[in-house]
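Notes for the structure review
Now for the letters of each chain:
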Amino acid sequence: MAKNADAKRLKILEGAKRRFAHYGLAKTTMAEIANDLSFSKALLYYYFPDKNRLYAAVFEMTIDQLLTDSSKKIDAATNVQEAMNSFLEARLSTIKDNYNIFEFTYSLRNDLPSDLESVLSSMFEKECAQIQTILNKGVELGELQVDDLQLTAKILLISLLGMRVGILQEIKNMFLPPSKEEYEYILQLQRKLATIFLDGLRR
């Protein structure tokens, strides 16, 4: 029974992700998702009491897939710079492929539902851990010298994320989500920042 329930939940998440990625949250209804899956609305509400909770679960699934994909590339990297670039590129690719899903988090600004706020907090911690893995790889390869891996990873991640705000202030209203083209610009500058940061940690 549990396996069947898990399969249904996953099917709902995948169907909702297709809808959210194509139309965004505001233009998607629970009825449309149910119709896409040939499920009843009652079944959707059994697993997810409202659309915001379903969205938060889809967002979390998207982030977990991003981290899984980038972890494989980080493990395969032969040096710390390649590992960092893999992390940044995988992040950008996921955001662009799921632009309408990520855009919603910017549109809410300071009015985030508690479920989504929890997911974003978890995302930050998971990304910190992944950057810590990258830095540790550099240490193990003899490329870097890092006194406090956890704190250094946190400082680097905050710097990389803060770059988005600075770029949007430079280009337009900071409360609007970046366009896909602006994400490319952000990636270029994030790569440069990461290179400067890593160079400062080299032995």
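Quick caveat: nothing in here was measured; it's all calculated off a predicted structure.

Focus: the overall build of the chain
- Counting its secondary structure elements, the chain contains 9 helices and 0 strands.
- For the chain, the α and β elements follow one another from N to C terminus as α-α-α-α-α-α-α-α-α.
- Among the 203 residues that make up the chain, the fraction classed as buried is 42%.
- As presented, the chain carries roughly 10,900 Å² of accessible surface, and 50% of it is formed by carbon and sulfur atoms.

Quick notes on helix H2 (residues 30-37)
- Of all the positions in H2, only Met30, Ile33, Ala34 and Leu37 are classed as buried. Each buried residue of H2 lies within a common arc of 100° when the element is viewed along its axis, so the set occupies one face.
- Phi turns positive one or two residues past the end of H2, at Ser38, with a value near 60°.

Structural notes on the packing of aromatic side chains
- One pass over the structure, following the stated rule, counts 5 aromatic pairs.
- A ring pair is formed by Tyr99 and Tyr183, whose centres lie 6.4 Å apart and whose planes are at 85°; its orientation type is edge-to-face. Remark: Tyr183 occurs in helix H9 (residues 180-201) and Tyr99 occurs in helix H6 (residues 99-108); sequence separation between them is 84 residues.
- Its relative accessible area of 16% is what places Tyr99 among the buried residues.
- On the basis of relative accessible area, Tyr183 is assigned to the buried category, the value being 5%.
- Joined through ring pairs, the aromatic side chains of Phe20, Tyr55, Phe59 and Phe102 make up one cluster.

Focus: the environment of Tyr47
- As for its placement among the helices and strands, Tyr47 is situated in helix H3 (residues 41-47).
- Judged by its relative accessible area of 19%, Tyr47 is buried.
- Here the alpha-carbon distance between Tyr47 and Lys8, two residues 39 residues apart in the chain, equals 8.9 Å.

Description of the nonpolar core
- Grouped together as the largest cluster of nonpolar side chains are 55 residues, with contacts concentrated most on Ile12, Phe20, Leu54, Phe59, Met84 and Ile131.
- Counting residues per element, this core draws most heavily on helix H4 (residues 51-76), which supplies 10 residues.
- Those residues in contact with Met84, other than ones at most four positions away along the chain, are Ile131, Ile134, Leu156, Ala194 and Leu198.

Some details on unusual backbone geometry
- Here the phi dihedral of Ser38 falls at roughly 60°; this positive angle occurs in a residue that is not glycine.
- Within the secondary structure layout, Ser38 lies in the loop between H2 and H3.
- With a relative accessible area of 67%, Ser38 lands in the exposed category.

Some points on the packing of helix H5 (residues 80-97) against helix H7 (residues 114-140)
- Direction vectors running N to C along H5 and H7 enclose 160°, while the axes themselves pass 8 Å from each other. Here H7 runs roughly antiparallel to H5, going by the angle between their axes. H7 is crossed by H5, and the crossing has right-handed handedness. For the pair H5 and H7, the contacting residues are Val80, Ala83, Met84, Phe87 and Arg91 in the first and Met123, Glu127, Gln130, Ile131, Ile134, Lys137 and Gly138 in the second.
- A class-by-class count of the residues in the contact of H5 with H7 yields 7 nonpolar, 2 polar and 3 charged.

Rules and cut-offs
- Residues numbered from 1 in each chain as written.
- Predicted model: local features only at pLDDT ≥ 70, side-chain atom pairs only at ≥ 80, totals over all residues.
- Heavy atoms only, no water.
- Helix = DSSP H or I, 4+ residues; strand = E, 2+ residues; numbered from the N terminus.
- Buried < 20%, exposed > 50% of the residue type's maximum accessible area, 1.4 Å probe, protein only.
- Areas by Shrake-Rupley, 256 points an atom, 1.4 Å probe, with all protein chains shown as cover.
- Arc of directions from axis to C-beta.
- Phe/Tyr/Trp six-rings, centres within 6.5 Å; stacked < 30°, edge-to-face > 60°.
- Core = buried A, V, L, I, M, F, W, Y, C linked by side-chain atoms within 4.5 Å.
- Contact = heavy atoms within 4.5 Å.
- Axes fitted to C-alpha atoms, helices over the stretch in contact; angles between N-to-C directions.
- Parallel < 35°, antiparallel > 145°, perpendicular 65-115°, else oblique.
- Left-handed = near helix turned anticlockwise from the far one by under 90°.
- Nonpolar A, V, L, I, M, F, W, Y, C, P; charged D, E, K, R; others polar.

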